[in-house]
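Fold and contact review
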Amino acid sequence: MPLFWLRAALICYGVGLLYSLLVIARRREGFARITMPALWLGAVFHFVSLVESAVELHQLTPASASETESLLAFLIIAFFLAVWIKYKTLSPGLFLFPLVFLLTFMAAVGPQSAEFSSPLLRRGWIFLHVALVLLGYAALALSGVASVLYLFQEQSLKSKRPGALAGRMPALEVIDEIGYRSLLFGFPFMTLGLIAGLAVAQSNFGVTAFLDPKVLLSLLAWAVYMVLVYTRWTAGWRGRRAAMLATFAFLAALGAWVANYFSSMHRFVG
Amino acid sequence: MSVPIHSAGAGRFLVLGVNHRTAPVQVREQLAIPESHLAEATEQLVKVPGVDEGMVLSTCNRVELLACTNNGSVNLRDFFGHYFKTPTAQYEPYLYELREREAVRHLFRVAASLDSLVVGEPQILGQVKEAYTVARGVGALRSNLNALVTRSFAVAKRVRTETTIGSSAVSVASVAVDLAKKIFGSLQGRTVYLVGAGKMSELAARHLISHGAGMIFVANRTHERALQLAATFDGKAIKFDELYETADRADILLVSTGAPHVIFRREHGERFLQLRKNRPMFFIDIAVPRNVDPELNKVDGIFVYDIDDLQAVVSSNLADRQREAARANEIIESELERFVAQLGSADVVPTIVSLQEHLESIRQAEVDRVRGKLGKLTPDQELAIDALTRGIVKKVLHAPLTTLKTAAREPFTMTIEEAIRRMFGLKRE
């Protein structure tokens, strides 16, 4: 995988990471002015790197774990930028920048994982599965971050001492809107992605596919997300209860991601 | 700077006036000059002998005369007496008079809203600009004072962008609006429910409406009063018995009844929120004794601020402003130094120009005199002579000109011998 542009993107994301750390440590904003241009630039470099590697390999599906990380990082930053265009807020970046940096770092600097050698990856269904699930992950990461910000802002309003940091965060209802929209946006992708994955698994591995740890964890995460969407839709659950569910779903999804290393099916070797 | 500056430096600025700290309102209102008379008053000010330029600033908290004089002894203390035809003794004890640097600093502080009753309030800069426009209009501002006032705008802008002095709310009503915005984002289309139709809630409601709040409901024990108030807001009056059935429609509840007991309890809040599908609610309880149970604040999605909570935010914001004022003062001190230095060096410009002209004419004369003796010269030789003589003059002038420019900023006296030594950079044996 060509790494030059990816490393260039990593440097730009480093500015975002520094921004997050400064805000968290000093409780006030530093060099916010250069953060956004750096991120836009990073996203462009990142895009170039993705295109380059797709052209080189003649396939759209990520060919290794590193490439998957890189694609996920790109999708997260793309969602963040979409939110920025609409709401002009850097706040979700507080948590997303470190995440994006970490993923890009692993892809760009970390050990290059072995390429998936399975011929399965050449099939359109797998591409659909991977792309949809990653889109779902990225949107849900944004939604999860929004629920954390919601709790923070709610806490600061309830404590009746709105601090400087809370003052720069978007209004409660705006954070809620960002979170809910990301949820509604990500959930269908996640659902369709899982269906596509299950279809492929069923046709290749048979029913045993459902006992794979990654598959189980993914289904669990998906179920929690469904509860989240449902309670929000019917009872308007938000705030603490929603954040708790979202955290739970996020942990399950994280587990599903980590399970890559234990799931024979997702190693795509042989 | 585009404005030509001549005559003396900061030494001739003068500020004379009263403000909210030196004079009670009875005195200030006596001396206040209405907007319609400002031009005429400014014209009179520049007619005072010795006054070159003038400007009159009159707001509800201050009345000030600003002048640039052509000698240090102009007395403006009688100006108000003449203008209003009142005995000077009536207001004299309340006057303050500032000259030179003090006057410059004062105007910078006024324009930057550091001298205001509510430090950081934004109106004062607009008022100074108005006074400036009027004074320009009658031709009362031409050079130094003009430069000073326009600089004060730049200083005010710098203070505003580099400190957060004017960015926080410092009244109960504006804090309430700020908090509502922190919860709901835009107030556009939000429903405000007034429970109790007192003066305070009316004021707060006006503030919310001016920031975009939409529908207004009013409920009051005496229904007539509710009808009356609802009419002024184009809102809807609701019978007090129907309060609990209708309150869930409100995003913001302004509660200020005279009832000596709690009107909204935790269970009410929980029910409202259920009906609202958990959309947040903001209770502003400005009643004393309180009408909203503080327990309500513990319900997810409900925010309760009573009058003390709002006051606490006000005082913390005021304390922030005080802290920022200290930083603003540093900016003003550095701008003051810069301005005075510029005025000083602008003063020596005419001297520099005439010195250069003088030496150039000597050079020309000498070159012309010697040319006759040299006979015919090639163009190259002509150029060489020109370059040589120019070079000598330039080198000789360099030290004195530099000294002149720096000395303008540190006015002290010295003997002619010392001056020449210093001018040419000669060391003592």
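Quantities reported herein were computed from a predicted structural model and do not represent experimental measurements.

Criteria and cut-off values
Residues numbered from 1 in each chain as written. Chains lettered and ligands numbered in written order. Predicted model: local features only at pLDDT ≥ 70, side-chain atom pairs only at ≥ 80, totals over all residues. Heavy atoms only, no water. Helix = DSSP H or I, 4+ residues; strand = E, 2+ residues; numbered from the N terminus. Buried < 20%, exposed > 50% of the residue type's maximum accessible area, 1.4 Å probe, protein only. Contact = heavy atoms within 4.5 Å. Areas by Shrake-Rupley, 256 points an atom, 1.4 Å probe, with all protein chains shown as cover. Axes fitted to C-alpha atoms, helices over the stretch in contact; angles between N-to-C directions. Parallel < 35°, antiparallel > 145°, perpendicular 65-115°, else oblique. Left-handed = near helix turned anticlockwise from the far one by under 90°. Nonpolar A, V, L, I, M, F, W, Y, C, P; charged D, E, K, R; others polar. Buried area = accessible area lost by both parts, 1.4 Å probe. Salt bridge = Lys/Arg side-chain N within 4 Å of Asp/Glu carboxyl O. Polar contact = N/O pair within 3.5 Å; in protein donor to acceptor, adjacent residues only side chain to side chain. Pairing = 2+ DSSP bridges. pLDDT = per-residue confidence, 0-100. Phe/Tyr/Trp six-rings, centres within 6.5 Å; stacked < 30°, edge-to-face > 60°. Domains from an automatic or database assignment. Core = buried A, V, L, I, M, F, W, Y, C linked by side-chain atoms within 4.5 Å. Patch = residues over 30% accessible without salt bridge, like charges linked within 9 Å, V, L, I, M, F, W, Y side chains within 5 Å.

1. Description of the overall build of chain A
Counting secondary structure elements, chain A contains 9 helices and 0 strands. Among the 270 residues that make up chain A, the fraction classed as buried is 54%. Long-range pairs, those at least 24 residues apart, make up 80% of the contacts in chain A between residues at least 6 apart in sequence. Total accessible area computed for chain A in this model is approximately 12600 Å², and 73% of it derives from carbon and sulfur atoms.

2. A closer look at the packing of helix 8 (residues 213-235) of chain A against helix 9 (residues 239-258) of chain A
All names here are of chain A. Where helix 8 contacts helix 9, the axes come no closer than 8 Å and their chain directions differ by 160 degrees. Considering their axes alone, helix 8 and helix 9 lie roughly antiparallel with respect to each other. In the packing of helix 8 onto helix 9, the handedness of the crossing is left-handed. Residues Lys214, Leu217, Ser218, Leu220, Ala221, Val224, Tyr225, Val227, Leu228 and Thr231 of helix 8 pack against Ala242, Leu245, Ala246, Phe248, Ala249, Phe250, Ala252, Ala253, Gly255, Ala256 and Trp257 of helix 9. Class assignment for the residues of the contact of helix 8 with helix 9 results in 17 nonpolar, 3 polar and 1 charged.

3. Some details on the interface of chain B and chain A
The interface is formed by 22 residues belonging to chain B together with 22 residues belonging to chain A. Carbon and sulfur atoms supply 48% of the area buried between chain B and chain A, which totals about 1800 Å² over both sides. On the chain B side of the interface with chain A, the three residues burying the most area are Lys182(B), Asn278(B) and Asp300(B), jointly 34% of the side's total. Run the count over chain B and chain A and you get 2 salt bridges. One salt bridge in this structure joins Glu173(A) and Arg190(B), with 3.6 Å as the shortest N-O distance. The tally of links between chain B and chain A comes to 14 residue pairs in polar contact (both at pLDDT 80 or more). Going through the elements one at a time, helix 7 (172-184), strand 10 (302-306) and helix 12 (307-374) of chain B are the ones with two or more residues in the side of chain B that touches chain A. It is helix 7 of chain B that contributes the most residues to the side of chain B that touches chain A, 5 residues altogether. Split into classes, the residues belonging to the side of chain B that touches chain A amount to 10 nonpolar, 4 polar and 8 charged.

4. What to know about the sheet that holds strand 10 of chain B
All names here are of chain B. Ordered in space as 7-6-5-8-9-10, the 6 strands form an open sheet in which the pairing is parallel. The open sheet is flanked by strand 7 (236-239) and strand 10, the only strands paired with a single partner. The sheet shows a mean angle of 20 degrees between the axes of neighbouring strands, taken without regard to direction. Note: strand 5 (residues 192-195) against strand 8 (residues 252-255), 4 bridges, orientation parallel. Bridging from a neighbouring strand, leucine 194 pairs with leucine 254 of strand 8.

5. Focus: the pattern of salt bridges
The final tally for this structure, using the stated rule, is 34 salt bridges over all chains. With a shortest N-O distance of 3.5 Å, Arg181(A) and Glu177(A) are connected by a salt bridge. Remark: Glu177(A) and Arg181(A) occur in helix 7 (residues 172-205); sequence separation between them is 4 residues, near one turn of the helix. Residues Arg99(B) and Glu97(B) are paired through a salt bridge, measuring 2.6 Å at the closest nitrogen-oxygen approach. Using a relative accessible area of 26% as the deciding quantity, one classes Glu97(B) as partly exposed. Salt bridges linked by common partners bring Glu173(A), Asp176(A), Arg232(A), Arg238(A) and Arg190(B) together as one network.

6. A short note on the confidence of the model for chain B
Atom-level detail of predicted coordinates should not be read off regions where pLDDT is low. All names here are of chain B. Model confidence for chain B is summarised by a mean pLDDT of 85, while 94% of its residues fall at 70 or above. Mean pLDDT across the elements of chain B ranges from a minimum in helix 14 (residues 416-424), with 75, to a maximum in strand 9 (residues 281-285), with 94. Note on the complex model: pTM 0.71, ipTM 0.83.

7. Remarks on the pairing of strand 9 of chain B
Residue and element names in this part refer to chain B. Taken across its 5 residues, strand 9 has 5 buried, putting it largely inside the fold. Judged by which residues are buried, strand 9 turns out to be covered on both faces: Met281, Phe283 and Asp285 on one side and Phe282 and Ile284 on the other are all buried. Pairing analysis gives 5 bridges linking strand 9 to strand 10, with the strands arranged parallel. When the bridges of strand 10 are listed, phenylalanine 282 appears paired with phenylalanine 303.

8. Details of the side chain of His268(B)
Residue and element names in this part refer to chain B. Along the polypeptide, histidine 268 turns up in helix 11 (residues 266-275). Judged by relative accessible area, histidine 268 falls into the buried class, the value being 16%. Setting aside anything within four residues of it in sequence, one finds histidine 268 in contact with Tyr244 and Ile263.

9. With respect to the packing of aromatic side chains
Any pair of aromatic rings gets described here by the distance separating the centres and the angle formed by the planes. Residues and elements named next belong to chain B. In total, this model carries 21 aromatic pairs over all chains according to the counting rule given. Between phenylalanine 108 and phenylalanine 339, the ring centres sit 6.0 Å apart and the planes meet at 70 degrees, which makes this aromatic pair edge-to-face. Here phenylalanine 108 is found in helix 4 (residues 100-111), whereas its partner phenylalanine 339 is found in helix 12, with 231 residues between them in sequence. Considered together, phenylalanine 108 and phenylalanine 339 belong to a single accessibility category, that of buried residues. Ring plane angle 80 degrees and centroid distance 5.9 Å describe the contact between tyrosine 244 and phenylalanine 264, whose orientation is recorded as edge-to-face.

10. Digging into the domain arrangement of chain B
Split into domains, chain B comes out as domain 1 (12-162), domain 2 (172-312) and domain 3 (349-424). The distance between the C-alpha centroids of domain 1 of chain B and domain 3 of chain B comes to 45 Å.

11. A word on the nonpolar core
Counting residues in each nonpolar core, the largest one holds 107 residues, and the members touching the most others are Tyr137(A), Leu208(B), Ile252(B), Leu254(B) and Phe282(B). Considering every element that reaches this core, the biggest residue donor is helix 5 (residues 124-158) of chain A, with 14 residues. Discounting chain neighbours no more than four positions away, the residues touching Tyr137(A) are Leu72(A), Met190(A), Ala253(A), Ala256(A) and Trp257(A). By size, the runner-up hydrophobic cluster in this structure holds 41 residues, among which are Tyr96(B), Ala111(B), Ile124(B) and Tyr132(B).

12. Some words on a nonpolar patch on the surface
Residue and element names in this part refer to chain B. Side chains of Leu388, Ile392, Val396, Ile416, Ile420, Phe424 and Leu426 sit close together on the surface and give an oily, nonpolar patch of about 680 Å² of accessible area. Elements with a minimum of two residues in the nonpolar patch: helix 13 (379-407) and helix 14. Among the residues examined, valine 396 registers a relative accessible area of 44% and is labelled partly exposed.

13. Considering the sheet that holds strand 2 (residues 51-58) of chain B
Residues and elements named next belong to chain B. Read from one edge of the open sheet, 4 strands run 2-3-1-4, paired in antiparallel fashion. Either end of the sheet is taken by a strand with one partner, and the two such strands are strand 2 and strand 4 (96-99). Here the average twist between neighbouring strands, direction ignored, is 15 degrees. Here strand 1 (residues 13-19) runs beside strand 3 (residues 62-69); their pairing, made up of 7 bridges, is antiparallel. Bridged to leucine 16 within strand 3 is leucine 65. In the packing of helix 6 (residues 144-162) onto the sheet, the strands contacted are strand 1, strand 2 and strand 3, and the crossing angle to strand 2 comes to about 35 degrees.

14. Observations regarding the environment of Asp176(A)
Residue and element names in this part refer to chain A. Relative to the helices and strands, aspartate 176 is located in helix 7. It is 14 Å that separates the C-alpha atoms of aspartate 176 and methionine 244, two residues lying 68 residues apart in sequence. Polar contacts involving the side chain of aspartate 176 include one to the side chain of arginine 232, which spans 2.9 Å.

15. A short note on unusual backbone geometry
All names here are of chain B. The residue after valine 288, namely proline 289, is reached through a cis peptide bond having omega -5 degrees. Positionally, proline 289 belongs in the loop between strand 9 and strand 10. Phi at glutamate 100 takes a positive value of approximately 50 degrees, unusual for a residue other than glycine. Within the fold, glutamate 100 resides in helix 4. The backbone phi angle of serine 113 is positive, close to 65 degrees, even though this residue is not glycine.

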